[in-house]
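Breakdown of the fold
The primary structure of each chain is shown beneath.
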Amino acid sequence: MTLRPAALAVCLATALTTAHAERADRNKPMVLEANRLSIDDAKKIQVLEGNVVLTKGTLVLRADRIVISEDKYGFQKGVAYAGKSGLARFRQKREGRDDYIEGEAERIDYSTQNEVAELFRQAWVKSGEDVLRGDYIWYDAISEKYLVTAGENRDAKAPPARVRAVIQPRNKEAEPAPRTGSVDAKDSGNPAAAAPQ
C-alpha cells in the first residue's frame, strides 16, 4: 500500500488555492478519514468512500467519494464526488491573510499533469470576498485563470442560465486622497465652503 496517490487528494482541493494557499500547510501531516478505503496498486487506483474528510493544515476537503488514479507517466487525477449529504467542498486559509478560499460543486476534478481544476454542476468558488458561480468552473493553477460557464437551462420557460461573479475592488480600505490644487475654497463656487467659521 502506498499513500502517494493520496497526496493527490490534497492537490484536488488545493488546485484552486495554489497561488493563495497557506504555505505552512505543505509541511503539515495529511489526515484521511472515510467509511471505506480501497487501494488497487496494480491499477494505480485509490477510492475513499463515505463521509470522506481530508485535512492538511488549514485545508479541509469533504466529499462523499474521492477516486484517485495515476497514469503510466506518473501524473495523477483526482475526482471528488458529492453525495446525498450535499456538494463536495473545500476550504483553506489564504497565505498571509485572515480569509479563506472555498468552493463547492457536485464534482471536483484535478489533474497534476496540467494543474487544472474543474468544478461541475452547482459550482461556486469564493476567494476572500470575490465569488464565482456557474454550472462549470475551470481553473488553471499555473496561470491563475478562470473560465465559468452557465450550462443549459432545463426549464424552457425559465430565463437563460447565467454565470455570476462578484469581484471586490483591491483597494477597498483605501480612502480617496483629499483634493489639493490651486482652487481655493472661496473660489470653488460653494457658498458653504466660503462661509466664515
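Read on for an overview of the structure. (Residues numbered from 1 in each chain as written. Predicted model: local features only at pLDDT ≥ 70, side-chain atom pairs only at ≥ 80, totals over all residues. Heavy atoms only, no water.)

**Notes on the side chain of Ser111**
Rules: Only DSSP runs of H or I covering at least 4 residues are called helices, and only runs of E covering at least 2 are called strands; the numbering of each starts at the N terminus. Any N or O atom pair separated by 3.5 Å or less is treated as a polar contact, with the protein-specific requirement of one donor-capable and one acceptor-capable atom, and with residues adjacent in sequence counted only for side-chain atom pairs. Here a residue-residue contact requires only that any non-hydrogen atoms of the pair lie within 4.5 Å.
Along the polypeptide, Ser111 turns up in strand E8 (residues 107-111). Among the polar contacts made by the side chain of Ser111, one reaches the main-chain amide nitrogen of Gln113 at a distance of 3.2 Å. When residues no more than four places from it in sequence are discounted, the contact partners of Ser111 are Gln76, Lys77 and Val116.

**Brief notes about unusual backbone geometry**
Stated precisely, the cut-off is as follows: Three exposure classes are used, based on accessible area relative to the maximum for each residue type with a 1.4 Å probe and protein chains only: buried under 20%, partly exposed in between, and exposed over 50%.
Here Lys44, not a glycine, exhibits a phi torsion of approximately 55°, which is positive. Within the secondary structure layout, Lys44 lies in the loop between strand E2 (36-40) and strand E3 (45-56). When its relative accessible area of 37% is taken as the criterion, Lys44 is described as partly exposed. Even without a glycine there, the phi angle at Arg121 is positive, about 60°.

**Topic: the nonpolar core**
Going by this rule: What makes a nonpolar core is a set of buried Ala, Val, Leu, Ile, Met, Phe, Trp, Tyr and Cys residues whose side-chain atoms join them at distances within 4.5 Å.
Counting residues in each nonpolar core, the largest one holds 20 residues, and the members touching the most others are Ile66, Ala80, Ile108, Leu119 and Ile137. Looking at this core, the elements that each hand over two or more residues are E3, strand E4 (59-70), strand E6 (88-93), strand E7 (100-105), strand E9 (116-127) and strand E10 (130-140). If one sorts the elements of this core by residue count, E4 sits on top with five residues.

**Quick look at the environment of Ala82**
Within the element layout of this structure, Ala82 appears in the loop between strand E5 (76-81) and E6. The class for Ala82 is partly exposed, based on a relative accessible area of 24%. In this structure, the C-alpha to C-alpha distance between Ala82 and Glu106, residues 24 residues apart in sequence, is 4.8 Å. For Ala82, the residues in contact, after removing those within four places along its chain, are Asp64, Leu87, Ala88, Ala105 and Glu106.

**Notes on the pairing of E8**
Rules: Pairing between two strands is assigned when DSSP locates at least 2 bridges connecting them.
Counting buried positions along E8 gives four out of five residues, so the element sits mostly inside the fold. Two strands pair when backbone bridges link them, and E5 and E8 are joined in this way by five bridges, in the antiparallel orientation. Bridge pairing links Ala80 to Ile108 in E8. As consecutive antiparallel partners, E8 and E9 are separated by four residues, and within that stretch Glu115 has a phi angle of approximately 55°, a positive value.

**Here we look at the packing of aromatic side chains**
Worth spelling out the cut-off: Each aromatic pair joins two rings of Phe, Tyr and Trp (for Trp, the six-membered one) with centres within 6.5 Å, and gets the label stacked for planes under 30 degrees apart, edge-to-face for over 60, and tilted for any other angle. Put simply, a charge is over a ring when the Lys NZ or the Arg CZ is close to the ring centre, within 6 Å, and near the line of the ring normal, within 35 degrees.
Enumeration over the complete set of coordinates arrives at two aromatic pairs. Relative to Tyr146, the ring of Tyr139 lies with its centre 4.6 Å away and its plane at 40°, an arrangement referred to as tilted. Look at Tyr146 and you get partly exposed, because its relative accessible area is 33%. A cation over an aromatic ring shows up here: Arg91 above the ring of Tyr100, its NZ or CZ 3.7 Å from the ring centre.

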